[in-house]
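Listed below are the residues making up each chain.
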Amino acid sequence: MKNITITRMTDDDVAEIAELEKKCFAVPWSEKSFHDEMQNKLAVYFVAKDNGKCIGYAGFWNVSGEGDITNVAVLPEYRKNGIGSMLISEMIKTAITLKLELLTLEVRKSNIAAQGLYKKYGFDIIGERKRYYSDNGEDAWIMTKSFEPCEE
């Protein structure tokens, strides 16, 4: 996995990301949703590429000093190769640069692999959302990583 790059997502990535989304989620976002996100001033998205091919993405909304992670996705055939870690790490670095107080997300209670990844990066379970997922009514854990305030 030496040719993997992480860059900010652009409109040029949207069509490929929308196709990736269909392979990763039961209720995928539409291509239009991603185009809308590229125009959303609160949205911060990254894309992982292998020799120019989109293989994963992740992003968050920067709202009032907090980062709300919307999605983290890696193509099935690229999982367990550190791509998710690279994306999470990039979001954390960006959150620190933006002086955010925290990053937060929801994750399926059944998605033990994702929970492990988030715990590795210092996310803690702080609560739950009952029947959060519309496809099957599964509950979600709320996981949050807080950042220490920076001294000026």
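Everything that follows concerns the structure shown earlier in this document.
Novice: When you look at the sheet that holds strand β2 (residues 43-50) in this model, what are you seeing that I'm missing?
Specialist: Adjacent strands of a sheet pair through backbone hydrogen bonds, lying either parallel or antiparallel. With mixed pairing, the seven strands of this open sheet are ordered in space as β1-β2-β3-β4-β5-β7-β6. The sheet is open, and its two edges are formed by β1 (4-8) and β6 (124-129), each paired on a single side. Mean inter-strand twist for the sheet, computed between neighbouring axes without regard to direction, equals 25°. Across five bridges, the pairing between β1 and β2 is antiparallel. If you follow Ile 4 over to β2, its bridge partner there is Asp 50. With respect to the sheet, helix α3 (residues 83-97) is in contact with β1, β2, β3 (53-63), β4 (66-74), β5 (102-108) and β7 (140-146), its orientation differing from that of β3 by roughly 30°.

Novice: Please explain the environment of Lys 80 as it appears in this structure.
Specialist: Note on placement: Lys 80 falls in the loop between β4 and α3. Taking the C-alpha atoms as reference points, Lys 80 and Ala 113, separated by 33 residues in sequence, lie 9.5 Å from one another.

Novice: What's the story with the nonpolar core in this structure? I'm lost.
Specialist: Where a protein is soluble and globular, its nonpolar side chains tend to be buried together. In this structure, Leu 103, Tyr 118 and Phe 123 are the most contacted members of the largest nonpolar core, which totals 41 residues. Those elements giving two or more residues to this core turn out to be α1 (14-24), β2, β3, β4, α3, β5 and α4 (112-120). Aside from chain neighbours lying at most four places away, what touches Phe 123 is Ile 69, Ile 88, Ile 92, Leu 103, Leu 105, Tyr 118, Met 143, Thr 144 and Lys 145.

Novice: Looking at this structure, I do not really get the pattern of salt bridges. What am I missing?
Specialist: Pairs may arise between side chains of opposite charge once their charged atoms sit close together. In total, this model carries eleven salt bridges according to the counting rule given. Residues Lys 32 and Asp 36 are paired through a salt bridge, measuring 2.8 Å at the closest nitrogen-oxygen approach. One end of the pair, Lys 32, and the other, Asp 36, are both in helix α2 (residues 31-39), four residues apart, so they sit about a helical turn from each other. Two residues, Glu 138 and Arg 108, come together in a salt bridge whose shortest N-O distance is 3.2 Å. One end of the pair, Glu 138, is in the loop between β6 and β7; the other, Arg 108, is in strand β5, and 30 residues separate them in sequence. It is possible to trace a salt-bridge network through shared partners that takes in Lys 109, Glu 128, Lys 130 and Asp 139.

Cut-off values and rules
- Residues numbered from 1 in each chain as written.
- Predicted model: local features only at pLDDT ≥ 70, side-chain atom pairs only at ≥ 80, totals over all residues.
- Heavy atoms only, no water.
- Pairing = 2+ DSSP bridges.
- Helix = DSSP H or I, 4+ residues; strand = E, 2+ residues; numbered from the N terminus.
- Axes fitted to C-alpha atoms, helices over the stretch in contact; angles between N-to-C directions.
- Contact = heavy atoms within 4.5 Å.
- Core = buried A, V, L, I, M, F, W, Y, C linked by side-chain atoms within 4.5 Å.
- Buried < 20%, exposed > 50% of the residue type's maximum accessible area, 1.4 Å probe, protein only.
- Salt bridge = Lys/Arg side-chain N within 4 Å of Asp/Glu carboxyl O.

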